[in-house]
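The primary structure of each chain is shown beneath.
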Amino acid sequence: MKLHEYQARDILARYKIPVTGGGVASTPTEARRLAEQIGAKVVVKAQVFVGGRGKAGGVKLANTPEQTEQIAGQILGMDIKGLTVEKVLVAEAITYEREIYLGVVMDRGSKRITLMASSEGGVEIEEVAKTNPDAIVRIAAHPTLGLLDYQARELAFGIGLKDGKQARQFASIAMALYRAYIENDADLAEINPLVVRADGSLQALDSKMVLDESALYRHPDLAAMRDSSDEPEAEQQAREAGITFIKLDGNIGCMVNGAGLAMATMDVVKLYGGEPANFLDIGGGAGKDKVKAALQIILSDTNVKAVMFNIFGGITRVDEVARGIIAALEEVQTDVPMVARLVGTNEEEGRKLLAQSSLIPAATLAEAAEKAVAASKG
Ligand code: GDP
Ligand code: MN
């Protein structure tokens with residue numbers, strides 16, 4: 001789950017990372033009031049889930065509260081890479097001499113939580129990785145002891161911080177960012193730019209955090225920060241219903257229980273010349289309501305020309321799924337043809353229930369795929 005800059009900043013502040021203050025505004029008037037409170041030159045920043053807001057015109061400096069109001073008026077409602085700006089962060093503008101990058105990521109290759117730092121801050125790190133890979137220093141945190149003091153110092157020296165006091169401040173920020181990453185179950189924690197001020201001190205100007213969805217249950221306070229504005233509606237509904245759903249570009253909607261079976265189903269659809277419209281796993285033990293929600297989500301995609309059910313009843317009861325399909329069909333008006341392959345626990349009962357419906361029965365996965373592909377082609 002992505003956090004907005006202002007949310008990530010608030011978390012990093014708790015770890016004593018020097019972030020700039022200020023607050024968020026949804027209207028130009030609110031922005032002006034924040035600038036009045038700050039009482040100095042401010043920076044107005046679009047709060048949208050994209051990188052490179054600066055280049056896109058979403059980060060601007062303002063000298064006075066009046067100018068802040070005017071600039072906030074320009075940025076609020078602005079479209080940045082397809083996302084509408086609904087909030088701006090108004091923070092004290094900082095003057096600085098240079099920009100550094102500091103990030104914590106999970107490096108899947110080495111299976112280690114890795115700190116990355118670069119003297120080439122301010123631009124996206126992916127860009128630095130392409131154009132100047134030697135400017136990035138990486139250090140893997142110790143798998144059980146975590147990030148050690150000496151590692152954090154090595155990182156500081158690695159990016160050329162020579163002054164002892166500055167290197168120590170950098171190391172303590174790196175340790176704090178690592179702790180924020182661990183304690184909040186993040187996938188990514190990043191400060192870009194971390195700037196060097198005229199007096200040599202370091203200041204975080206932009207914070208970014210992405211949290212691990214699977215660990216959110218441990219952090220109800222963080223889960224409550226979710227902003228679904230850039231999430232497709234179907235994926236939002238799926239998440240709320242506890243369904244794993246990923247939209248794809250094909251025209252055969254798939255409803256399956258179990259992630260492995262869902263992937264196998266997509267493979268077999270492709271084998272028979274079809275293209276899946278989605279990956280959908282209703283999970284183990286799904287009842288009527290979940291099946292109904294899943295069918296509504298599948299049918300909300302107007303590309304879908306056929307639906308294929310592939311249910312292997314173990315904990316999930318086939319008759320429950322059949323009831324769900326029937327209940328959904330009573331509410332969702334559709335002429336999309338549907339093929340059902342339901343086997344396992346209570347399959348006889350399930351089949352009897354579906355015999356009265358317009359569903360096309362199939363005994364095997366191959367047969368179901370073949371029939372769904374044929375149905376999708378009319
Ligand atoms: P991003 O482009 O989405 O990563 O947004 P950032 O928050 O990193 O801002 C982009 C750029 O705006 C930074 O690299 C800085 O050059 C500039 N910027 C951001 N905040 C300030 C500030 O307080 N003072 C000054 N002078 N520049 C800033
Ligand atoms: Mn940035």
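Given the structure is predicted, the values throughout are model-derived calculations rather than measurements. (Residues numbered from 1 in each chain as written. Chains lettered and ligands numbered in written order. Predicted model: local features only at pLDDT ≥ 70, side-chain atom pairs only at ≥ 80, totals over all residues. Heavy atoms only, no water.)

Focus on the pairing of strand β12 (residues 207–211)
For a regular strand, side-chain orientation follows a simple rule: the groups alternate between the two sheet faces.
Inference 1: The buried fraction of β12 amounts to 4 of the 5 residues, a majority that puts the element mostly inside the structure.
Inference 2: Sheet topology places strand β10 (residues 186–196) next to β12; 5 bridges connect them, and they run antiparallel. Across the sheet, A186 pairs through a bridge with L211, a residue of β12. (Buried < 20%, exposed > 50% of the residue type's maximum accessible area, 1.4 Å probe, protein only. Helix = DSSP H or I, 4+ residues; strand = E, 2+ residues; numbered from the N terminus. Pairing = 2+ DSSP bridges.)

Considerations on the domain arrangement of the protein
Inference 1: Considered domain by domain, the protein is made up of domain 1 (21–92), domain 2 (98–223) and domain 3 (231–377).
Inference 2: Of note, the centres of domain 2 and domain 3, computed from C-alpha atoms alone, are 43 Å apart. (Domains from an automatic or database assignment.)

What to know about the pattern of salt bridges
Inference 1: In total, this model carries 18 salt bridges according to the counting rule given.
Inference 2: Of the charged contacts, one joins E213 and R226 as a salt bridge, the two residues approaching to 3.0 Å between their closest N and O atoms. One end of the pair, E213, is in the loop between β12 and α7 (220–223); the other, R226, is in the loop between α7 and α8 (233–241), and 13 residues separate them in sequence.
Inference 3: Relative accessible area serves as the criterion here: at 40%, E213 is assigned to the partly exposed category.
Inference 4: Notably, a salt bridge pairs D319 with R323, separated by 3.2 Å at the nearest N-O pair. Here R323 and D319 lie together in helix α11 (residues 318–331), a separation of 4 residues that amounts to about one turn.
Inference 5: Overall, the relative accessible area of 1% leaves D319 in the buried class. (Salt bridge = Lys/Arg side-chain N within 4 Å of Asp/Glu carboxyl O.)

Section: the packing of helix α5 (residues 149–158) against helix α6 (residues 164–183)
Inference 1: Orientation of α5 relative to α6, taken along the N-to-C sense of each, is 125°, at an axis distance of 8 Å. Our classification of the angle between α5 and α6 gives oblique. Read as a crossing pair, α5 and α6 show a hand that is right-handed. Note on element contacts: α6 touches α5 through A167, F170, A171, A174 and M175, opposite D149, A152, R153, L155, A156 and F157.
Inference 2: Split by residue class, the contact of α5 with α6 holds 9 nonpolar, no polar and 2 charged. (Axes fitted to C-alpha atoms, helices over the stretch in contact; angles between N-to-C directions. Parallel < 35°, antiparallel > 145°, perpendicular 65-115°, else oblique. Left-handed = near helix turned anticlockwise from the far one by under 90°. Contact = heavy atoms within 4.5 Å. Nonpolar A, V, L, I, M, F, W, Y, C, P; charged D, E, K, R; others polar.)

A word on α6
Turn by turn, an α-helix covers 3.6 residues, leaving residues three or four places apart pointing in a common direction.
Inference 1: Spanning 20 residues, α6 covers 28 Å between terminal C-alpha atoms, matching the ideal 28 Å at 1.5 Å per step.
Inference 2: Downstream of α6 by a residue or two, D185 has a phi angle that is positive, lying close to 50°. (Expected span 1.5 Å × (residues − 1).)

Topic: the coordination of the manganese ion (ligand 2)
Inference 1: Within the first shell, the manganese ion (ligand 2) binds the protein through N192 (O) and D206 (OD), at distances of 2.2 to 2.3 Å. Of this pair, N192 sits in strand β10 while D206 sits in the loop between β11 (202–204) and β12, and the two are 14 residues apart along the sequence. Each member of the pair, N192 together with D206, is buried. (Donors = N, O, S within 2.8 Å, 3.2 Å for Na, K, Ca; no water.)

A closer look at the environment of H219
Inference 1: Secondary-structure assignment places H219 in the loop between β12 and α7.
Inference 2: Assessed through its relative accessible area of 11%, H219 is described here as buried.
Inference 3: Separated by 2.7 Å, the side chains of H219 and D185 make a polar contact. (Polar contact = N/O pair within 3.5 Å; in protein donor to acceptor, adjacent residues only side chain to side chain.)

Observations regarding the pairing of strand β2 (residues 42–46)
Inference 1: With respect to burial, β2 is a largely interior element, 5 of its 5 residues being buried.
Inference 2: What you see with β2 is no split at all: V42, V44 and A46 on one side and V43 and K45 on the other are buried throughout.
Inference 3: In the sheet, β2 pairs with strand β3 (residues 59–62) via 4 bridges, with the strands oriented antiparallel. Its bridge partner lying in β3, K45 is registered against V59.
Inference 4: As defined by bridge partners, β2 adjoins strand β6 (residues 88–92) across 5 bridges and the pair is classed as antiparallel. Residue V43 lies in a different strand from β6, and its bridge partner there is A91.

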